[in-house]
Amino acid sequence: MKLRSKAAALLLLALAALLLALLSLRAGRAEPPAPPGRPVSAPQRHPAPLPARPQGSRALPGARPRAPRRRPPRPRPRAGRRGAASLEKLARRPGEPRSFHVVLPPELWIHLAVVACGNRLEETLVMLKSAVLFSHRKIQFHIFTEDSLKPEFDKQLRQWPDSYTKKFEHRIYPITFSVGNPQEWKKLFKPCAAQRLFLPVILKDVDSLLYVDTDVLFLRPVDDIWKLLRQFNSTQLAAMAPEHEIPKIGWYSRFARHPFYGSAGVNSGVMLMNLTRIRSAQFKNSMTPTGLAWEDMLYPLYQTYKNAITWGDQDLLNIIFYFNPERLYVFPCQWNYRPDHCMYGSNCKEAEREGVSVLHGNRGVYHDDKQPTFRALYEAMRDVKTGNILLSLQEEVPVFLSPLHTQAITGGAFCSIRFTCLYCPRKSVPIA
């Protein structure tokens, strides 16, 4: 019995010693108390880093809890190509004055280019007025002209009232040709007309552009023809109307001594251009077995065909798209309606059905008596008072051409067109 009691006592002592050892081990792992005079809850300015814990180990009871692990910031979804480009273009440089063209996204702008030399000042201003009259979106005018005309263009446009000037900005450029002989290019056809061939090279910051001749009048919003850019397929980079709808009476099909697009050629007086695509494309040609960039192609093309072309830069464009037909979008004749469409009978069916959208008074018909209807419309648009735009729209300006009729008269023919003012339903304005 005594032995058993002694063994039990020793066992109890051993258990007590083991319990004390465990308690001391636990106390040694616990966090030491905060120093006196400093609240326990006060955060430390530079907390000591915790020792690294072996992977897979579990926290012991009473251990200091680890700080929550921070997740990396979730990446924002990337903007699309158009959105990224828009944000980049919207960035304002230090010291750059604020204006609405650095506030509006670039895709809301319409870019319109014109080349005016010689006595084309008035025609150009009337064309620009017609564009502003009917546009809904803001327009950036790119005016290429001789040094002698720059001050007058700037003066005239700045004198327009706020109701006009808030709808457009204008930039004036000198006449420049990056390759070849500048004087040779300048005299190629009408004064400075070949400048249009160099627009992709000069306007490097412009994505898309509408080029028009000075003798063009807009009879509906410029926005409507600008929308045709959306109809380009993946290979198309420019758009023009046919030179003629009936090959047997067309100029190119009867007289051209060089290649031309399609069965009747195209007219370049109204031309949509995706400048970005033009700058990056390689064009097939008759001069080299490989493609050439736009700028590299222009002067060799001119040298090859200069003795065969009649209409200057328009002929060169016809040659380019003869070898590259997949790159051209052809829009209907109502977007480039010319005297040719009613000299030999009415041959623009789209204009008969829908009216004329863009009037092109080539061959000087705004200033002679060969086409009285063209001249009457030009003079009506010219005489719109820029200071009284709303009254003019209601009472003076015919803005839509309804179905056409052709009448033959002694000494020639002319288009007899009935104009109906969309802005004044009580009034019809016949001009013929």
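Just so it is clear, the structure is predicted and the values come from calculations on it, not from any experiment. (Residues numbered from 1 in each chain as written. Predicted model: local features only at pLDDT ≥ 70, side-chain atom pairs only at ≥ 80, totals over all residues. Heavy atoms only, no water.)

**Q** Mind showing me how you'd approach the nonpolar core here?
**A** Generally speaking, a soluble globular protein has its nonpolar side chains buried in company with each other. Among the nonpolar cores identified, the biggest contains 56 residues, and Leu112, Phe141, Leu210, Phe218, Leu272 and Leu359 are the most heavily contacted of them. Sort the elements by how many residues they give to this core and helix 3 (residues 121-134) lands first, with nine residues. Apart from the residues lying within four places of it in its own chain, the contact partners of Leu359 are Asp215, Val216, Leu217, Leu219, Tyr337, Tyr366, Phe374 and Leu377. Of all hydrophobic cores here, the second largest spans 43 residues; its members include Val115, Leu292, Leu301 and Leu328. (Core = buried A, V, L, I, M, F, W, Y, C linked by side-chain atoms within 4.5 Å. Buried < 20%, exposed > 50% of the residue type's maximum accessible area, 1.4 Å probe, protein only. Helix = DSSP H or I, 4+ residues; strand = E, 2+ residues; numbered from the N terminus. Contact = heavy atoms within 4.5 Å.)

**Q** I would appreciate a short explanation of the packing of helix 3 against helix 14 (residues 372-382) in the present structure.
**A** Working note: a packed helix pair is described by the angle between its axes plus the distance between those axes. In the contact formed by helix 3 and helix 14, the axes pass within 9 Å of each other and the chain directions differ by 75°. In terms of axis orientation, helix 3 runs roughly perpendicular to helix 14. Every residue of helix 14 that contacts helix 3 at Glu122, Glu123, Val126, Lys129, Ser130, Leu133 and Phe134 is listed here: Tyr378, Met381 and Arg382. (Axes fitted to C-alpha atoms, helices over the stretch in contact; angles between N-to-C directions. Parallel < 35°, antiparallel > 145°, perpendicular 65-115°, else oblique.)

**Q** It is not clear to me how the packing of helix 11 (residues 294-305) against helix 12 (residues 313-323) should be interpreted in this structure. Could you clarify?
**A** Where helix 11 meets helix 12, the closest approach of the two axes is 11 Å, and the angle between their N-to-C directions is 110°. With respect to their mutual orientation, helix 11 and helix 12 come out roughly perpendicular. When the axes of helix 11 and helix 12 are compared, the crossing they make is right-handed. Contact with helix 11, carried on its side by Trp294, Met297, Leu301, Tyr302 and Tyr305, involves Leu316, Leu317, Ile319, Ile320 and Phe323 of helix 12 and no other residues of that element. Counted by class, the contact of helix 11 with helix 12 contains 10 nonpolar, no polar and no charged residues. (Left-handed = near helix turned anticlockwise from the far one by under 90°. Nonpolar A, V, L, I, M, F, W, Y, C, P; charged D, E, K, R; others polar.)

**Q** Help me out: how do you make sense of unusual backbone geometry in this one?
**A** Note on backbone geometry: most residues besides glycine have negative phi, and most peptide bonds are trans. Phi at Arg363 takes a positive value of approximately 65°, unusual for a residue other than glycine. Note on placement: Arg363 falls in the loop between strand 9 (358-360) and helix 14.

**Q** How do you make sense of the pattern of salt bridges when you look at a structure like this?
**A** Pairing between side chains of opposite charge can happen when their charged atoms approach one another. Inspection of every chain in the model, using the stated rule, returns 17 salt bridges. Across the pair Lys150 and Asp147 runs a salt bridge whose closest N-O atoms are separated by 3.1 Å. When its relative accessible area of 23% is taken as the criterion, Lys150 is described as partly exposed. For Asp147, a relative accessible area of 57% corresponds to the exposed category. The partner of Asp213 in a salt bridge is Arg196, and the shortest N-O contact between them spans 3.3 Å. Of this pair, Asp213 sits in the loop between strand 4 (208-212) and strand 5 (216-218) while Arg196 sits in the loop between helix 6 (182-186) and helix 7 (199-202); the two residues are 17 residues apart in sequence, bridging distant segments of the chain. Given a relative accessible area of 7%, Arg196 falls into the buried group. Through salt bridges with shared partners, a single network forms among Glu243, Arg338, Asp340 and Arg363. (Salt bridge = Lys/Arg side-chain N within 4 Å of Asp/Glu carboxyl O.)

**Q** Which parts of the structure should I look at to understand a nonpolar patch on the surface?
**A** A grouping of Leu11, Leu12 and Leu15 is seen on the molecular surface, where their side chains present a nonpolar patch of about 320 Å² in accessible area. Inspection of the secondary structure puts Leu12 in helix 1 (residues 2-29). (Patch = residues over 30% accessible without salt bridge, like charges linked within 9 Å, V, L, I, M, F, W, Y side chains within 5 Å. Areas by Shrake-Rupley, 256 points an atom, 1.4 Å probe, with all protein chains shown as cover.)

**Q** Sorry if this is basic, but what is going on with the environment of Tyr337 here?
**A** If you trace the backbone, Tyr337 turns up in the loop between strand 8 (328-330) and helix 13 (349-354). According to the relative accessible area criterion, Tyr337 is buried, its value standing at 0%.

**Q** How should the state of the cysteines be read in this particular structure?
**A** Covalent bonding between the sulfur atoms of two cysteines is what defines a disulfide. Applying the stated criterion across every chain, the model contains two disulfides. Between the sulfur atoms of Cys117 and its disulfide partner Cys192 the distance amounts to 2.1 Å. Given an S-S torsion of about -100°, the disulfide between Cys117 and Cys192 has left-handed geometry. Highlighted residues: Cys117 in the loop between strand 1 (110-116) and helix 3 and Cys192 in the loop between helix 6 and helix 7, separated in sequence by 75 residues. (Disulfide = S-S within 2.5 Å.)

**Q** Is there a simple way to explain the side chain of Gln195 in this structure?
**A** Among the structural elements, Gln195 can be located in the loop between helix 6 and helix 7. Sequence-distant contacts of Gln195, that is, excluding residues within four places in its chain, are made with Val115, Phe144, Pro174, Ile175, Thr176, Phe177 and Ile202.

**Q** Quick question: what am I supposed to make of helix 11 here?
**A** The end-to-end C-alpha separation of helix 11 is 16 Å, in line with the 16 Å expected for 12 residues at 1.5 Å each. Residues of helix 11 that are buried include every one of Trp294, Met297, Leu298, Leu301, Tyr302 and Tyr305, and no others. Looking straight down helix 11, one finds that the buried residues subtend no more than 125° of arc, so they occupy a single side. Of the surrounding secondary structure, the elements contacted by the buried residues of helix 11 are helix 6, helix 7, helix 10 (275-280) and helix 12. (Expected span 1.5 Å × (residues − 1). Arc of directions from axis to C-beta.)

**Q** Can you walk me through the sheet that holds strand 1 in this structure?
**A** In a beta sheet, neighbouring strands pair by backbone hydrogen bonds and run either parallel or antiparallel. Pairing is mixed across the open sheet formed by seven strands, whose spatial order is 3-2-1-4-7-6-8. Strand pairing shows two members of the sheet lacking a second neighbour, strand 3 (168-173) and strand 8, which therefore form its edges. Each neighbouring strand pair of the sheet contributes to a mean axis angle of 25°, computed without reference to strand direction. As paired strands, strand 1 and strand 4 are joined by two bridges and run parallel to one another. Across the sheet, Ala113 pairs through a bridge with Tyr211, a residue of strand 4. Here helix 3 sits on the sheet and contacts strand 1, strand 2 (139-145), strand 3 and strand 4; the angle it forms with strand 1, its principal contact strand, is near 165°. Those strands touched by helix 4 (residues 150-158) are strand 1, strand 2 and strand 3, and its axis lies near 175° from that of strand 3. (Pairing = 2+ DSSP bridges.)

Interpretation in functional terms is not warranted from these geometric data alone.
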